[in-house]
Amino acid sequence: MNSLEECLAQVQSVVIAGHVKPDGDCTGSCLATYNYLKQYHPDISVRLYLEPVPNIFKFLARADEIISVSNDHVFCRQEGCDLMIVQDCGDAGRLGHAAGLLEYAKRVICVDHHISNKGFGDDCYIDPQASSTSELIFTLLPGERITKEIAECIYTGILHDTGMFQYSCTSSKTMRIAGFLMDTGIDFSRIADKTFMEKTFEQNQILARAIQKSRLHLNGRCISSVITTRDMEECRALPKHLEGIVAQLRSTKGVEAAVFFYQKDEQEYKISMRSASDAVDVAQIAMNYGGGGHRRAAGASTRLRPEECLEQILTQVAKQLESDP
């Protein structure tokens, strides 16, 4: 697969979908593809299915046309399509309820950059070396057809998956693409401020709680924190307000790995992990708990008590640090 155009021959209907709890890269990449098809292929019926996206991304073109997938959404044959494009999704299970569309699609292609993605669908464009799925979408679109609106979507996705171009996944190619997108006239500083830097009062409250509860391990080389549903209630915080906490923990001086737990319900905790260098492969650790991601940024879920799960993770981190030359 070298371009999106080569996949559109004799296609009359397209469905686009991304992973559950869409973040900046998922939202941006999916909307970039959606806007491209709406702009240059008005003869094709195209629908974009995602779980509700964060409000900070609703300024992106046609975000109001996203079809929200809810817990009670049941797909039927009438919602099928000639082509389904799955973006930023490591496996079919991460599609959530949108996975119900797979059986009604005549052809499925997968565009992703997660190293844990083993490939699913009829065709795949997977590059773990890419900074983001948004970067991959850029390479699949004709440069001369990238409008300001499409550029905003792609730039937003890249910005968020690179941590404002700070993460190791940022390459010289990523920066060249960002420069190209900036030249389309996007307000890149406003995008960074409104979608990455600006925090609500509730976000600051729950971040402060997470930092206050944090603990150092392995002689200061690992840090952890646990946020419970009670913490969330007291800070009047929502799951979306937890974005960025693990990255903030990881920025602690001397820390090689950060592990952040937050309680989803009485039995389940979500785990977010980040590492400062290739000395710790958090994706490898996450896969032990049914999760995945990137070498330096990964996540999973567990029904173990956070203390028990953390003890296991610390053992794995310690082994990796010991083997690092």
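Above this text you will find the structure in question.
Okay, so let's go over this structure. What you are looking at is a predicted structure, and each value in this text was computed from that prediction instead of being measured. (Residues numbered from 1 in each chain as written. Predicted model: local features only at pLDDT ≥ 70, side-chain atom pairs only at ≥ 80, totals over all residues. Heavy atoms only, no water.)

Topic: the pattern of salt bridges
Part 1 of the argument: With the rule as written, the count across this model stands at 14 salt bridges.
Part 2 of the argument: Between Arg296 and Asp278 there is a salt bridge, with its nearest N and O atoms 3.1 Å apart. With a gap of 18 residues between them, Arg296 in the loop between strand 11 (292-294) and strand 12 (297-302) and Asp278 in the loop between strand 10 (269-275) and helix 9 (282-287) connect regions that are remote in the sequence.
Part 3 of the argument: For Arg296, a relative accessible area of 24% puts it in the partly exposed group.
Part 4 of the argument: For Asp278, a relative accessible area of 42% corresponds to the partly exposed category. (Salt bridge = Lys/Arg side-chain N within 4 Å of Asp/Glu carboxyl O. Helix = DSSP H or I, 4+ residues; strand = E, 2+ residues; numbered from the N terminus. Buried < 20%, exposed > 50% of the residue type's maximum accessible area, 1.4 Å probe, protein only.)

Side note on the packing of aromatic side chains
Part 1 of the argument: One pass over the full model with this rule turns up four aromatic pairs.
Part 2 of the argument: Ring geometry for Tyr36 against Tyr40: centres 5.1 Å apart, planes inclined by 45°, an arrangement best described as tilted. Here Tyr40 and Tyr36 lie together in helix 1 (residues 24-40), a separation of four residues that amounts to about one turn.
Part 3 of the argument: Tyr36 sits in the buried class, given a relative accessible area of 1%.
Part 4 of the argument: Here the aromatic rings of Phe138 and Phe180 are separated by 5.3 Å at their centres, their planes lie at 75°, and the arrangement is edge-to-face. A residue pair is termed long-range when its members are at least 10 positions apart, and Phe138 in helix 2 (residues 133-140) and Phe180 in helix 4 (residues 172-182) qualify at 42 residues.
Part 5 of the argument: The ring of Phe59 carries Arg190 above its face, with NZ or CZ at 5.9 Å from the centroid.
Part 6 of the argument: The ring centre of Phe196 lies 6.0 Å from the NZ or CZ of Lys199, which sits over that ring. (Phe/Tyr/Trp six-rings, centres within 6.5 Å; stacked < 30°, edge-to-face > 60°. Lys NZ or Arg CZ within 6 Å of the ring centre and 35° of its normal.)

Brief notes about empty space enclosed by the protein
One water molecule sets the probe size; rolling that probe over the atoms shows where empty space is left.
Part 1 of the argument: Overall, the coordinates contain two cavities of 30 Å³ or more when judged by the stated rule.
Part 2 of the argument: Taken as a whole, the largest cavity encloses approximately 40 Å³ of empty space.
Part 3 of the argument: If you go around the largest cavity, the residues you meet are Gly18, His19, Val20, Tyr49, Leu50, Glu51, Val69, Leu95, Gly96, His97 and Ala98.
Part 4 of the argument: The computed volume of the second largest cavity comes to approximately 30 Å³.
Part 5 of the argument: Looking at the lining of the second largest cavity residue by residue, the classes come out as seven nonpolar, two polar and no charged. (1 Å grid on protein atoms, 1.4 Å probe; cavity = no way out; pocket = protein on both sides within 12 Å on 5 of 7 lines; lining within 4 Å. Points joined across faces, edges and corners; volume = space filled by probe spheres on them. Nonpolar A, V, L, I, M, F, W, Y, C, P; charged D, E, K, R; others polar.)

Some remarks on a positive patch on the surface
Part 1 of the argument: Among the surface-exposed residues, Lys21, Arg94, Lys264 and Arg303 lie close enough to one another that they form a single positively charged patch.
Part 2 of the argument: Within the fold, Arg303 resides in the loop between strand 12 and helix 10 (306-323). (Patch = residues over 30% accessible without salt bridge, like charges linked within 9 Å, V, L, I, M, F, W, Y side chains within 5 Å. Areas by Shrake-Rupley, 256 points an atom, 1.4 Å probe, with all protein chains shown as cover. Lys, Arg positive; Asp, Glu negative; His and termini not counted. Charge placed at Lys NZ, Arg CZ, Asp CG, Glu CD.)

As for helix 3 (residues 148-161)
Note: α-helices contain 3.6 residues per turn, so residues at a spacing of three or four share the same orientation.
Part 1 of the argument: In this model helix 3 runs 20 Å from its N-terminal to its C-terminal C-alpha over 14 residues, within 8% of the 20 Å that 1.5 Å per residue would give.
Part 2 of the argument: Where burial is concerned, most of helix 3 is hidden: twelve out of the 14 residues are buried.
Part 3 of the argument: Among all positions of helix 3, only Ile150, Ala151, Glu152, Cys153, Ile154, Tyr155, Thr156, Gly157, Ile158, Leu159, His160 and Asp161 are buried.
Part 4 of the argument: Residues of helix 3 that are buried sit in contact with helix 1, helix 2, helix 4, helix 5 (188-197) and strand 11.
Part 5 of the argument: Downstream of helix 3 by one or two residues, Gly163 has phi in the positive range, about 60°. (Expected span 1.5 Å × (residues − 1). Contact = heavy atoms within 4.5 Å.)

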